[in-house]
Amino acid sequence: MIEARTDIIERVTGFCRLLRARGIRVTPAESIDAVRALSLVDLGDRLDLHFALRTLLTTRRDELSLFDALFAEWWDAPGLKDAKPKASDAARAARRESRPSSAAQENNAGSPALTRWAKAGEAVDDEAFAVVASPSTTASRARKDFAAFENTDLAELQRLTSMLARRLNARRSRRWKPASGGSGARADLRRTLRLSLKTGGDPLELARRERKLRRTKLVALCDVSGSMDLYSRFLLQFLYALQHSFARVETFAFSTRLVRITEALARDTYRTALDTLAQSETGWSGGTKIGGSIAEFVATWPRLVDRRTVVIILSDGWDTGEPEVLGEALRAIHRRAGRVVWLNPLLGSTSYQPLTRGMQAALSHVDVFAAAHNLASLEALGRHLAL
Amino acid sequence: MREEIARLRDAMEREAYVTDRATATAAYLAMTLQKPLLIEGHPGVGKTEVAKVLASALDVELIRLQCYEGLDVTTALYEWNYAKQLLHIKLQEGSAASAREREAEIFSREFLLERPLLRAITRADASPVLLVDEVDRSDEEFEAFLLEVLSDHQVTIPEIGTVRATHPPHVVLTSNRTRELSEALRRRCLYLWIDYPSFEKEVRIVRAKTPDVAEQLAGEVVRFIQRVRGRRLAKTPGVAESLDWAQALVALGADALGDDLVDETLGCVLKDEGDIRNVRGAIAERGLGAYIADGAP
């Protein structure tokens, strides 16, 4: 009898190991619960065991079908004690690992594009960036495609991002905090009553409370590969401006790999920011591995994204990697983020259809798919950024 | 099937809740292991119903906390009864009590308004069922706070001290997955996913909840709804819609579906103008028969 029990405990812990090996996270505490549950169900009844273990060991719907398959595999094959990945899994894993060989040649750390932009920037002094622009959002300028954008419009871009940042900051939460009075503050009965004790129960001093400010964070992932050359320069300017008008923004650039450029962008002037970027090995104007880069982001910066975070991806969706990798990575981000916004400069052209395989894989995990080819489209972005 | 699970299932079935084994097992384990049960599923599949039925099957109180964004401690846990406190201070005006004594007096249990979470852990007679409904609509701060209450079954009120549950509540959380819940909360809970029921099960549900429905009508209603669920809709009808519709049709004295009847009552099933147009178009194209006849559509 004891022997039989030991055996079943081993079977269950082995099953937990199998689940872990196949990607269903099972904590030790959950394994212990699973063993505890054994005494609570009829072990002779397969369905009892199945439902009990499923309710204990899974935590989300996505895991259910895999769980059911593994349950059948494990409990139907008494001889099987170790988690052996199936051939098809191995093949899929192998596919995931492989990188096209062209990556090496595309990934030139030298950055001709950056140097070019920096040169172009010399024509205009950096002060133009800081000066508040005249309020001349003429329709023609607002519609101008970024590809035909001149550096003189930087001030306009700066004005726009400050406006976006203000909107992001101005959201009020539904939670309260004590206030010292002023507009929007309401009476705080709880504190008023407490204060009244000092004066023998007469509420002479009225305590107030007001709504907390909601803190939205931004994470921007900017594609700087060759196909984005025309746009990424301006998107980078946009990100630079954003970095300087909004405190909680993290920026990453990627082509074939991911580089955090928050600190570089936080430099005093746009020129020094570009210089710093030029020295980093970003693989500017190289090939694109959107999926791989975003997967790298998910793996390396898991704590950056929460429900208060808007994740902005700036890319044209031309991916030379596997679309599944991109879909999987975006799904992971989408699950955690407050909002996922994909800005595609190509969307500004009326004839463009998001048909690339990468874009197709991405669309179902994106909340907002919008254009980013001119100032008007960036202005419209404000709507999507507020959580 | 373990006898206790079977008994719980029968008890739930007696409350007119068609219970599958997965649900009964999950509910039984949650109660025995004293863990919260997190139920997810599409809208209208009867997630909330599990808690209600559990409470009446166990014959205990159901305490419901409806979550929404900005839900805070004063609505979820407790609030002081300010009016009563003020009145008390006035009445005590002449007394010689010191400010400290007065403070202790008005911040005692007597002046506390219990909100659902506090009520759930202060029941003296039996463990109630605590339903935390649509937990995905609350915000993250509240989720973290909830986690604290759920794991220790105790609450600390600064003025009074720690209140510990003598009868830990049976906790059921429901989520419509409008946002992802924290990993910590998920780990703390047992998990149950309720899917749309099979045809047979849904017919049983409709007939259990609408005893007057004709057998043919119940079958047609369920088949129609199940086939409509296969379409791309803004709001896919749940079991709640099947029940509403069946009840509406019974009230209209129908015993089978017809074109006019469907057209007039489609609002019970679909709650979105675009969806209604979509389904009307499909019926016009393929005929109502394609949606209610037995066999492959």
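Since we're looking at a predicted model, the values are computed, not measured.

## Considerations on the overall build of chain A
- When helices and strands are counted, chain A shows 18 helices and nine strands.
- Burial analysis of chain A (387 residues in total) assigns 37% to the buried set.
- Considering only contacts within chain A whose residues lie at least 6 apart along the sequence, 78% involve residues at least 24 apart.

## Some points on the interface of chain B and chain A
- Facing 33 residues of chain B, the contacting portion of chain A comprises 30 residues.
- Sorting elements by how many residues they give to the side of chain B that touches chain A places helix H2 (residues 21-33) of chain B first, with seven residues.
- Classifying every residue of the side of chain B that touches chain A by side-chain character gives 15 nonpolar, four polar and 14 charged.

## Things to note about the nonpolar core
Residue and element names in this part refer to chain B.
- Grouped together as the largest cluster of nonpolar side chains are 92 residues, with contacts concentrated most on Leu37, Val172, Leu190 and Val221.
- At seven residues, helix H11 (residues 215-229) tops the list of elements feeding residues into this core.
- When neighbours within four sequence positions are excluded, Leu37 is seen to be in contact with Ala26, Ala27, Ala30, Val171, Val172, Cys189, Leu190 and Leu192.

## Things to note about the sheet that holds strand E1 (residues 37-41) of chain B
All names here are of chain B.
- Reading across from one edge, E2-E5-E8-E1-E9 is the order of the five strands in this open sheet, with parallel pairing throughout. With one partner strand each, in any of the chains shown, strand E2 (62-66) and strand E9 (190-194) form the two edges of the open sheet. Across the sheet, the mean angle separating the axes of adjacent strands is 20° when strand polarity is ignored.
- As paired elements, E2 and strand E5 (residues 129-133) share five bridges and run parallel to each other. When the bridges of E5 are listed, Gln66 appears paired with Asp133.
- Contacts between helix H3 (residues 47-58) and the sheet are confined to E1, E2, E5, strand E8 (170-175) and E9, with E5 contributing the most and set at about 170° to the helix.

## Details of the packing of helix H3 (residues 46-57) of chain A against H2 of chain B
- Packing of H3 of chain A against H2 of chain B brings their axes to within 9 Å, and their N-to-C directions diverge by 60°. Considering their axes alone, H3 of chain A and H2 of chain B lie oblique with respect to each other. Remark: the crossing between H3 of chain A and H2 of chain B carries right-handed chirality. On H2 of chain B, the residues touching Leu47, Asp48, Phe51, Ala52, Thr55 and Leu56 of chain A of H3 of chain A are Arg21, Ala22, Thr25, Ala26 and Leu29 of chain B.
- Its residues placed into classes, the contact of H3 of chain A with H2 of chain B shows seven nonpolar, two polar and two charged.

Here is what the cut-offs are and how they apply
- Residues numbered from 1 in each chain as written.
- Chains lettered and ligands numbered in written order.
- Predicted model: local features only at pLDDT ≥ 70, side-chain atom pairs only at ≥ 80, totals over all residues.
- Helix = DSSP H or I, 4+ residues; strand = E, 2+ residues; numbered from the N terminus.
- Buried ≥ 20, exposed ≤ 12 C-beta atoms within 10 Å, placed from the backbone.
- Contact = placed C-beta atoms within 7 Å.
- Nonpolar A, V, L, I, M, F, W, Y, C, P; charged D, E, K, R; others polar.
- Core = buried A, V, L, I, M, F, W, Y, C linked by C-beta atoms within 7 Å.
- Pairing = 2+ DSSP bridges.
- Axes fitted to C-alpha atoms, helices over the stretch in contact; angles between N-to-C directions.
- Parallel < 35°, antiparallel > 145°, perpendicular 65-115°, else oblique.
- Left-handed = near helix turned anticlockwise from the far one by under 90°.

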